[in-house]
Amino acid sequence: EIDTLNAFDRYPKMMNGLVKDVISTEQFQRIDAAAKPLAETLSAYLPGLFGTPQAFGGTPSGINWVHANDHFVCRRAHAIPLLAFSEYEGKHSREESMADM
């Protein structure tokens with residue numbers, strides 16, 4: 001038996017259906033499309049966010065927001081600069097821009 005708090009692991013069919021239902025709504029499509037400029041800015045700093053395969057046919061913004069959020073949460077939790085290990089590492093103004101997002 002899988003011992004996890006992650007609903008995707010515990011109930012994959014149910015969660016896949018739920019996500020598909022949410023992504024297909026007009027409201028999600030509109031909000032995600034409005035976030036495309038932010039997604040493009042984030043992708044300029046973190047190129048791995050854009051163009052990666054997306055589950056459920058993708059979204060208007062073109063990125064996985066969970067992956068984007070994980071970047072910020074994990075870096076903060078481990079006290080690692082947001083742009084460490086990227087081509088922008090050590091560039092203070094870029095780090096500040098990223099922190100402002």
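All values reported here derive from a predicted model rather than from experimental measurement. (Residues numbered from 1 in each chain as written. Predicted model: local features only at pLDDT ≥ 70, side-chain atom pairs only at ≥ 80, totals over all residues. Heavy atoms only, no water.)

Draft legend 1. The overall build of the protein chain, seen in detail. A tally of regular secondary structure across the protein chain gives 6 helices and 0 strands. The principal-axis extent of the C-alpha atoms belonging to the protein chain is close to 45 × 35 × 20 Å. A buried classification covers 27% of the 101 residues belonging to the protein chain. Across the protein chain, every contact between residues at least 6 apart in sequence was considered, and the portion connecting residues at least 24 apart equals 45%. Carbon and sulfur atoms make up 58% of the accessible area of the protein chain, which totals about 7200 Å². Computing the positive centroid from 9 side-chain charges and the negative centroid from 13, the protein chain places the two 3 Å apart. (Helix = DSSP H or I, 4+ residues; strand = E, 2+ residues; numbered from the N terminus. Buried < 20%, exposed > 50% of the residue type's maximum accessible area, 1.4 Å probe, protein only. Contact = heavy atoms within 4.5 Å. Areas by Shrake-Rupley, 256 points an atom, 1.4 Å probe, with all protein chains shown as cover. Lys, Arg positive; Asp, Glu negative; His and termini not counted. Charge placed at Lys NZ, Arg CZ, Asp CG, Glu CD.)

Draft legend 2. Local environment of the pattern of salt bridges. Tallied over the full model, the rule gives 1 salt bridge. Across the pair R30 and E26 runs a salt bridge, and its minimum N-O distance is 3.1 Å. Residue R30 and its partner E26 are both found in helix α3 (residues 26-34); the two are separated by 4 residues, about one turn of the helix. Residue class for R30 comes out partly exposed when judged on its relative accessible area of 46%. (Salt bridge = Lys/Arg side-chain N within 4 Å of Asp/Glu carboxyl O.)

Draft legend 3. Highlighting the nonpolar core. A39, L42, Y45, L46, L49, I63, A68, F72, L82, L83, Y88 and M98 form the largest nonpolar core, which has 12 residues in total. Residue assignment for this core shows that the elements contributing at least two residues are α4 (36-45) and α5 (65-77). Ranked by residue count, the leading element in this core is α4, at 3 residues. (Core = buried A, V, L, I, M, F, W, Y, C linked by side-chain atoms within 4.5 Å.)

Draft legend 4. Molecular detail of the packing of α4 against α5. The geometry of α4 relative to α5 is characterised by a closest axis approach of 12 Å and an angle of 50° between their N-to-C directions. Looking at the two axes, α4 sits oblique to α5. Like other packed secondary-structure pairs, α4 and α5 cross with a definite hand, here left-handed. Across from L38, A39 and L42 in α4, the residues of α5 making contact are W65, A68 and F72. (Axes fitted to C-alpha atoms, helices over the stretch in contact; angles between N-to-C directions. Parallel < 35°, antiparallel > 145°, perpendicular 65-115°, else oblique. Left-handed = near helix turned anticlockwise from the far one by under 90°.)

Draft legend 5. Examining the layout of surface pockets more closely. Computed from the structure, the largest pocket encloses a volume of approximately 430 Å³. Forming the walls of the largest pocket are 15 residues, and the residues nearest its centre are V19, I23, F56, N64 and V66. Of all elements in the fold, only α2 (12-23) and α5 reach the threshold of two or more residues within the lining of the largest pocket. Per-element accounting of the lining of the largest pocket gives the leading share, 4 residues, to α2. Looking at the lining of the largest pocket, its residues break down into 11 nonpolar, 4 polar and no charged. (1 Å grid on protein atoms, 1.4 Å probe; cavity = no way out; pocket = protein on both sides within 12 Å on 5 of 7 lines; lining within 4 Å. Points joined across faces, edges and corners; volume = space filled by probe spheres on them. Nonpolar A, V, L, I, M, F, W, Y, C, P; charged D, E, K, R; others polar.)

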